[in-house]
Amino acid sequence: MVKTLLGISASPRKLGNCELFIKEIFKQLGEDWELRLARLPQLDIKPCRACYECLFNQMRCPQQDDFLQVMDALAEADAYVVAAPAYLLSANGSLKKFLDRGLQFYAFVDELWGKPAAGVAIAGIEGMEGSTKRDVESFIKLTLGDLRGSAVVYGALPGEALLSSANRETAEELARVILDPAKRVSPVVPVCPLCGGDTFRFLPDGRARCMLCSSSGPWELENGSLRFHVSAGEHQFFLSKDDVNRHAEWLRGMKEKFLLRKQDLKAVVKEYLGVGTFIERKQIVER
Ligand SMILES: Cc1cc2nc3c(=O)[nH]c(=O)nc-3n(C[C@H](O)[C@H](O)[C@H](O)COP(=O)(O)O)c2cc1C
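Overview of the structure. Every chain is numbered independently, its residues counted from 1 as its sequence is written. Given that the model is predicted, a residue must reach a pLDDT of at least 70 before its local features are reported, and side-chain atom pairs must reach 80 or more before they are shown or counted; all residues, however, enter totals for whole chains, interfaces and linings. Excluding hydrogens and water, the side-chain figures rest on all heavy atoms present in the structure.

**Quick look at the overall build of the chain**
Here is the rule: Helix and strand assignments follow DSSP, with helices taken as H or I runs no shorter than four residues and strands as E runs no shorter than two, numbered in order from the N terminus. The globule rule used for comparison is 2.2 Å times the number of residues to the exponent 0.38, while the radius of gyration itself is calculated over C-alpha atoms. Each residue is assigned to one of three classes by its accessible area relative to the maximum for its type, calculated with a 1.4 Å probe on protein chains only: buried under 20%, partly exposed between the two thresholds, exposed over 50%. Contacts between residues were defined by any pair of non-hydrogen atoms, one from each residue, lying within 4.5 Å. To be clear on the numbers: accessible area is Shrake-Rupley with a 1.4 Å probe, and residue cover counts the displayed protein chains and nothing else. Charged residues are defined narrowly, with Lys and Arg counted positive, Asp and Glu counted negative, and His plus the chain ends left uncounted. Every charge is mapped to an atom, namely NZ of Lys, CZ of Arg, CG of Asp or CD of Glu.
The number of helices and strands found in the chain is 7 helices and 10 strands. Its C-alpha atoms give the chain a radius of gyration of 21 Å, within 12% of the compact-globule value 19 Å for 287 residues. In terms of principal-axis extent, the alpha carbons of the chain reach across some 65 × 60 × 40 Å. Put simply, the chain has 287 residues, and 40% of those count as buried. Taking contacts inside the chain between residues at least 6 apart in sequence as the whole, the part at least 24 apart equals 68%. Split by element, the accessible area of the chain, about 16,900 Å² in all, is 53% carbon and sulfur. Side-chain charges of the chain comprise 38 positive and 38 negative groups, with the mean position of each set lying 5 Å from the other.

Right, here's the structure in full:
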């Protein structure tokens, strides 16, 4: 049976490095795969309105745009690749805009959980990827995928990333791990023992926090290499399927908490009513 790879590109550039890299990974998968593509900046993905409607009743976002179409494609895919260009030291904002709608993911837990996925961060200048790799990894973890591999790839001009044979090998390697989790490459850098993330924030109390799964704990130098001893915190989003459902329940419980504290909250808000002036949207006058 033909399997579907969904390629999610966060680049506005047609046939740019993200698109080509996704297509290269697809080509390496073999003949029994077909490719679907989503170019996020081109789609109408509205910002989350924080209405929480997607957590209750029908569990569907009420906004009329292309978001649910991509969600359905993600749910139907057998595997997915997320590629984002570095824009000003993080992933292009279209990736985050999609992710911000992610309370909707809780309605798709069974379809999404454990789907094979790989992430690619593409940067034009060596060393200037900023948080882009963590951003694509975060996208995959929060869409509940099985992050089989990720890479930073350099290339500025459209197509430049594919001029390098090392980058083509990276695409081949990512295709291999999508096909077979046993081919997962062992990390060569210190990673979070819980989620495999390699981006950390060092805290003033001698601990470090993994910027992918938010777990924190002490770290130490062992034979010249850094070791993290993090443990899972109270609010885990994606380490296990139970974590996901537990977090969804906690979020739903916030509605009752809000109703209980409504009067106190209203009193606080009242103090700030009418303070400051907002910049208004420009009225565009048709001539
Ligand atoms: C607005 C803008 C900001 C960028 N910021 C960065 C950056 O912070 N770091 C970097 O290495 N490259 C940066 N780049 C270069 C892109 O990441 C690079 O050209 C990449 O290959 C684009 O991928 P694409 O061809 O799929 O669009 C930037 C490009 C644009 C247009």
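Back to the write-up after that little detour.
**Focus on the packing of aromatic side chains**
To describe a pair of aromatic rings, one takes the distance between the centres and the angle between the planes. Threshold: Ring geometry is summarised as follows: Phe, Tyr and Trp rings, the Trp one being its six-membered ring, pair when their centres sit within 6.5 Å, and such pairs are stacked at plane angles under 30 degrees, edge-to-face over 60 and tilted between the two.
Counting across every chain of the model gives 6 aromatic pairs. For the pair Phe98 and Phe139, a centre-to-centre distance of 5.6 Å together with 35 degrees between the ring planes defines the contact as tilted. With Phe98 in helix 3 (residues 93-99) and Phe139 in helix 5 (residues 132-142), this pair connects stretches of sequence that are 41 residues apart. The residues Phe98 and Phe139 share a single accessibility class, namely buried. Between Phe202 and Trp219, the ring centres sit 5.4 Å apart and the planes meet at 85 degrees, which makes this aromatic pair edge-to-face. Within this pair, whereas Phe202 is found in strand 7 (residues 200-202), its partner Trp219 is found in strand 9 (residues 216-222), the two being separated by 17 residues in sequence.

**What about the site of the ligand?**
For clarity, the threshold we go by: Any residue with a heavy atom lying within 4 Å of a molecule or strand is counted as near it. As used in this structure description, the phrase polar contact means that two N or O atoms lie within 3.5 Å; if the pair is within protein, one of them must be able to donate a hydrogen and the other to accept it, and residues adjacent in sequence are counted only when both atoms belong to side chains.
The environment of the ligand is formed by 17 residues, the closest being Ser11, Asn17, Cys18, Ala86 and Gly155. Ile125 places a polar main-chain atom, nitrogen or oxygen, 2.9 Å from an oxygen atom of the ligand. A distance of 2.8 Å is found between a nitrogen atom of the ligand and a backbone nitrogen or oxygen belonging to Met128. Calculation on the ligand without its partners gives an accessible area of 640 Å², and the protein chains cover 77% of this total. Mapped onto the shell around the ligand, the elements with two or more residues apiece are helix 1 (17-29), strand 3 (79-87) and strand 5 (115-123). In terms of residues, the shell around the ligand owes the most to one element, strand 3, which gives 3 residues.

**Overview of the side chain of Asp146**
In this fold, Asp146 is placed in strand 6 (residues 145-154). Polar contacts involving the side chain of Asp146 include one to the side chain of Arg148, which spans 2.9 Å. Look past the residues within four positions of Asp146 in its chain and what remains in contact with it is Gly114, Lys115, Pro116, Ala117 and Arg184.

**Here's the deal with the pattern of salt bridges**
Should their charged atoms come close, side chains of opposite charge can pair. In plain terms, the rule: The working definition used for a salt bridge is a side-chain nitrogen of Lys or Arg within 4 Å of a carboxyl oxygen of Asp or Glu.
Counted by the stated rule, this structure contains 18 salt bridges. Notably, a salt bridge pairs Glu24 with Arg168, separated by 3.7 Å at the nearest N-O pair. Of this pair, Glu24 sits in helix 1 while Arg168 sits in helix 6 (residues 165-179), placing them 144 residues apart in sequence. Since its relative accessible area comes to 9%, Glu24 is described here as buried. Among the residues examined, Arg168 registers a relative accessible area of 39% and is labelled partly exposed. Glu222 serves as the salt-bridge partner of Arg227, at 2.8 Å between the closest nitrogen and oxygen. Classification of Glu222 as partly exposed rests on a relative accessible area of 32%.

That is the geometry; function is a separate question.
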